[in-house]
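The chain contents come next:
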Amino acid sequence: MSTNPHKDLDPVTFEVLKNSFITAVDQMAEQMLRTCYSFVIYNRDFSNCLHDADGESVAQGNADIAVHVGTLHFTCKDVIRTFKGDMAPGDVYAINDPYAGGTHFSDVRLIRPIFDGDVIIGYSQSNGHWADLGGSVPGSFDVTARDMFREAVRITPIRLFRQGEFCSDIGNMIAANTRDPHSIIGDMHSQERATAVAEREILRLVNKYGRDQVTQGMAAVQDYVERSARQRIAALPDGTWETVDYIDRDPGGGEGMIPIKIKMTIKGDRIEYDFDGSHPTIASIYNSGHGATFSAVAAGMKTFFPDLPLNSGFYRVFDIKAPANTVVSAEWPTAVTGFLMPFEKIMNSIFEMWSEIMPERAIACAFNLEYLLAGGIDLRKEDKPIYMFYEWLPGGWGGRNGKDGSDATTACFGTGLMSQPSEGNERVNPVITTEFQIKQDSPGPGKWRGGAGVFKSSVLLEAEKSVISYICDRERAVVWGTNGGLPSMPHGLSIKSNGDDQEHWLGSVFSDHPIGSGDTFSRPTAGGGGFGDPLDRDPEAVKEDVIDDYISVERAKTDYGVVIKPIDPDILEYEIDQVATDAARADIRANRKDWARMDPEAVARMYKEGEINDMDAVRRYAVILDWETGEVLPKSTEQFRESFEKRSVAHWT
């Protein structure tokens, strides 16, 4: 690429076009927010994109969610391959195929060729997460599915609008295979209108600047991002960095966590990400296709280049090697709807490796996104329709070098998502929220603590034939700290049946569990991992966290060695006992390495007898248990301890 391949494009016009392309995509988002039918899309589980005539990404919007953006050029190119030479103005095509570079079946993309006269100058694409696409369970997330045939309807490239006319036979056939056809049809039209908004804006630019200037601009913005990224990478030292993170389990295999291994190599102005050694595909939906893995790498790396626009120019600076038929490169017909689980492990692994290269931007592990899905018959309404309760919660991001992690924030997987308002979900579903608050003690302890997670409890109201599914992880591969920081806490959901006194722990991975009116379901989200040794945290900062209810008095002492005396909690008056604090910190320093290597069976006995809780097990003793029975999970413990030694113990002095 020459230093100035776009000689006819002056700098001012370049800047105007660069920002106009992004604005056009942002306007697509506004169109969707005002016309979508699905509550999940209204909460911003969507992304849009502008492409050039080859299908390369030209611009993303300012609020498109991280998980989608690195995959949209793949699906655009698949539509081009399918319909090249057979496109007309007003045509709009649909695709949701994860094996063609998409994410999962719920993310349905509508793609419109943008014609100037009889010439295609680009494409606009609108991607929305439809709340249900069929399959064996409401919400289309069956964690026990081994292949796509139990997951959802697979849409290979089809023409959904022909020269501006809705192909109702095709649209109705797709909608009829879902549990909410009315909303699905509405979302089809909403996304079609969003693609038309981008078409309108691009043709307005063509009318003002001319076709050649606009198409040159599309190429120039990609070259600008590529050139900028290469310059920054070339300024970094060459080298190789490696790490491993885990998915909790293989439901069809034995006990033990599922490794995702990544080796990153910088050489000159290019980067290679090698996933050799990652686990083969598992008997669950927690597998990722190549497109989603590519997107995870792009999103994780882009976090360290926040000022650059995101388009295909950024994708040119790195390569990915992912062995076929592994959890990071699943192929048809392997189940992939839960790809977000490997996705977030990849992102956090990339955070960890880039934190070594750019320590000023270093960050510990973020909490794992979770999906709760329930469906059945809504008895509040005369026609007794099928309801679809689909909810995610915020949680904590990892502590940073010099700053605490972000509290109650949407997941790194879905930056751009909105935290769903309980009132909205209560209006459209027979569910009421009984508790929703910051989860005390959820932040991973560190010199810079992780962000806080949340706790939410809800009750099912007038409904029948209802089932619940929970799509989550980090029950065993608990959110980890770095540079001596400590982990957060295990994820998992509990149900208390109507009339029962006790909750029943279901954990983080289950589908199709019956639930009845009056049943209560509750779950926390983890906080972020801690950054730096928690014994180095300023005791005054610990006291402020106690005052703010982020940390309890008990865990201030257990995790930070800070002894705080309540003087008058009603007026938030507390006092640090400095002598006791010095003694507590000395005791922790003297014993913590031995605690982290204690016999796991002894730890299990303490847990069963109520002497310690799950936070003690993972933060002090680095032991993973079956949190319902208290039994040791030996292989998971071995893997967790290896991580704990590397990320925490090795940094203690």
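What comes next is a walk through the structure. (Residues numbered from 1 in each chain as written. Predicted model: local features only at pLDDT ≥ 70, side-chain atom pairs only at ≥ 80, totals over all residues. Heavy atoms only, no water.)

**Here's the deal with the environment of C365**
To keep things clear, this is the line we draw: Secondary structure elements follow DSSP: runs of H or I no shorter than four residues count as helices, runs of E no shorter than two count as strands, and numbering proceeds from the N terminus. Contacts between residues were defined by any pair of non-hydrogen atoms, one from each residue, lying within 4.5 Å.
Among the secondary structure elements, C365 is positioned in the loop between α10 (340–357) and β12 (371–378). It is 46 Å that separates the C-alpha atoms of C365 and R162, two residues lying 203 residues apart in sequence. Contact partners of C365, with chain neighbours within four places excluded, come to N348, W397, G398, R474, V479, W480, G528 and G529.

**Here we look at the packing of helix α8 (residues 290–302) against α10**
The condition is simple: Here an axis means a line fitted to C-alpha atoms, over the contact stretch when the element is a helix, while the angle between two N-to-C directions is reported on a 0 to 180 degree scale. By convention the crossing between two helices is left-handed if the near helix lies anticlockwise of the far one by an angle smaller than a right angle, and right-handed if it lies clockwise. Ten residues, namely Ala, Val, Leu, Ile, Met, Phe, Trp, Tyr, Cys and Pro, are considered nonpolar, four, namely Asp, Glu, Lys and Arg, are considered charged, and the remaining ones, Gly among them, are considered polar.
Closest axis-to-axis distance for the α8/α10 pair is 8 Å, and the angle between their directions is 35°. Here α8 runs over α10; the crossing is right-handed. Facing α8, whose interface residues are A292, T293, S295, A296, V297, A299, G300 and M301, α10 presents F343, I346, M347, I350, F351 and W354. Class assignment of the residues belonging to the contact of α8 with α10 gives a composition of 11 nonpolar, three polar and no charged.

**Details of the nonpolar core**
For clarity, the threshold we go by: The term nonpolar core refers to a set of buried residues drawn from Ala, Val, Leu, Ile, Met, Phe, Trp, Tyr and Cys, joined through side-chain atoms within 4.5 Å. Any residue under 20% of the maximum accessible area for its type is buried, any over 50% is exposed, and the rest in between are partly exposed; the area is computed with a 1.4 Å probe on protein chains only.
Residues Y273, M301, F318, W354 and Y371 are the most contacted members of the largest nonpolar core, which totals 108 residues. Sort the elements by how many residues they give to this core and α10 lands first, with 10 residues. Contact partners of Y371, with chain neighbours within four places excluded, come to D45, F141, L340, Y390, E391, W392, F413, S469, Y470 and I471.

**Considering the packing of aromatic side chains**
As a reminder, the rule being used: Centres within 6.5 Å are what make two rings of Phe, Tyr or Trp a pair, Trp counting through its six-membered ring; a difference in plane orientation under 30 degrees is then read as stacked, over 60 as edge-to-face, and the rest as tilted. Counted as over-ring charges are cases with an Arg CZ or a Lys NZ within 6 Å of the ring centre that also lie within 35 degrees of the ring normal.
Per the counting criterion, the structure on display carries 29 aromatic pairs. Ring centres of F14 and Y224 lie 5.7 Å apart, and the angle between their planes is 70°; this geometry places the pair in the edge-to-face category. Pair noted here: F14 is in helix α1 (residues 11–35) and Y224 is in helix α7 (residues 211–234), with a separation of 210 residues, a long-range link. Aromatic rings pair up to connect F74, Y273, F294, F304, F305, F314, Y315, F318, F351, W354 and W397 into one cluster. Lying over the aromatic face of Y550, R449 brings its terminal NZ or CZ to 4.6 Å of the ring centre. Positioned over the ring face of F436 is K456, at 4.6 Å from the centre of the ring.

**Focus on empty space enclosed by the protein**
Gaps between atoms show up when a probe of the same size as a water molecule is rolled over them. How we decide: Whether a set of points on the 1 Å grid over the protein atoms alone is a cavity depends on a 1.4 Å probe fitting there but being unable to get out, while an open set qualifies as a pocket with protein on both sides within 12 Å along at least five of seven lines; lining residues are those with an atom within 4 Å of a point. Grid points are joined across faces, edges and corners, and a volume is the space filled by probe spheres set on the points.
Inspection of the entire model under this criterion finds five cavities of 30 Å³ or more. Reported here for the largest cavity is a volume of approximately 130 Å³. Along its surface, the largest cavity is lined by L486, P534, L535, T558, D559, I588, R592, W595, R619, R620 and W652. For the lining of the largest cavity, the secondary structure elements donating two or more residues are α13 (553–560) and α14 (578–595). If you tally residues by element for the lining of the largest cavity, the top one is α14, at three residues. Residue composition of the lining of the largest cavity, by class: six nonpolar, one polar and four charged. Together, D245, Y246, M257, A477, V478, W480, Q639, F640, S643 and R647 line the second largest cavity.

**So, the environment of Q213**
Considering the arrangement of structural elements, one finds Q213 in helix α7. Setting aside its immediate chain neighbours within four residues, Q213 contacts D8, L9, T13 and L17.

**Considerations on the pattern of salt bridges**
Pairing of side chains with opposite charge becomes possible as their charged atoms draw close. Selection rule: A side-chain nitrogen of Lys or Arg and a carboxyl oxygen of Asp or Glu constitute a salt bridge if their distance falls within 4 Å.
Scanning the model with the defined rule gives 44 salt bridges in all. Taking the shortest distance from any N to any O, the salt bridge between R159 and D86 comes out at 2.8 Å. Placement of R159 in strand β6 (residues 158–162) and of D86 in the loop between α4 (72–83) and β3 (92–95) is noted, with a sequence separation of 73 residues between them. Put simply, E370 and R523 hold a salt bridge, and the shortest N to O gap is 2.8 Å. With a gap of 153 residues between them, E370 in the loop between α10 and β12 and R523 in strand β20 (residues 520–524) connect regions that are remote in the sequence. Ionic contacts of the salt-bridge type, sharing partners, join the residues D223, E226, R230, D269 and R316 into one network.

**With respect to the sheet that holds strand β10 (residues 270–274)**
Sheet strands pair by backbone hydrogen bonding; their relative direction is either parallel or antiparallel. The line we're drawing: Paired strands are those between which DSSP finds at least two bridges.
The four strands are arranged β8-β9-β10-β11 in an open sheet whose pairing can be described as mixed. Only two strands of the sheet have a single neighbouring strand rather than two, namely β8 (239–247) and β11 (318–321). On average, each strand axis in the sheet is inclined to that of its neighbour by 20°, with strand direction left out of account. Relative to β11, β10 is paired through four bridges, and the arrangement is parallel. Across the sheet, E272 pairs through a bridge with D319, a residue of β11. Across the sheet, α8 is in contact with β10 and β11; its angle to β11 comes to roughly 140°. Contacts between α10 and the sheet are confined to β8, β9 (258–267) and β10, with β8 contributing the most and set at about 150° to the helix.

**Brief notes about the pairing of β9**
The sheet contact formed by β8 and β9 spans nine bridges and is antiparallel. In the sheet register, G239 faces β9, and the bridge partner there is I266. Two elements, β9 and β10, share five bridges in a ladder whose sense is antiparallel. Each bridged residue has a counterpart across the sheet, and for K263 the counterpart in β10 is D274.

**Looking at unusual backbone geometry**
W332 connects to P333 through a cis peptide bond whose omega is 0°. Looking at where P333 falls in the secondary structure, it is placed in the loop between β11 and α10. A positive phi is found at N325, a non-glycine position, where the angle reads about 60°. Structurally, N325 can be placed in the loop between β11 and α10. With relative accessibility at 40%, the residue N325 sits in the partly exposed group. The phi dihedral of K465 falls on the positive side, at around 55°, and the residue is not glycine. With respect to the helices and strands, K465 occurs in strand β16 (residues 463–471).

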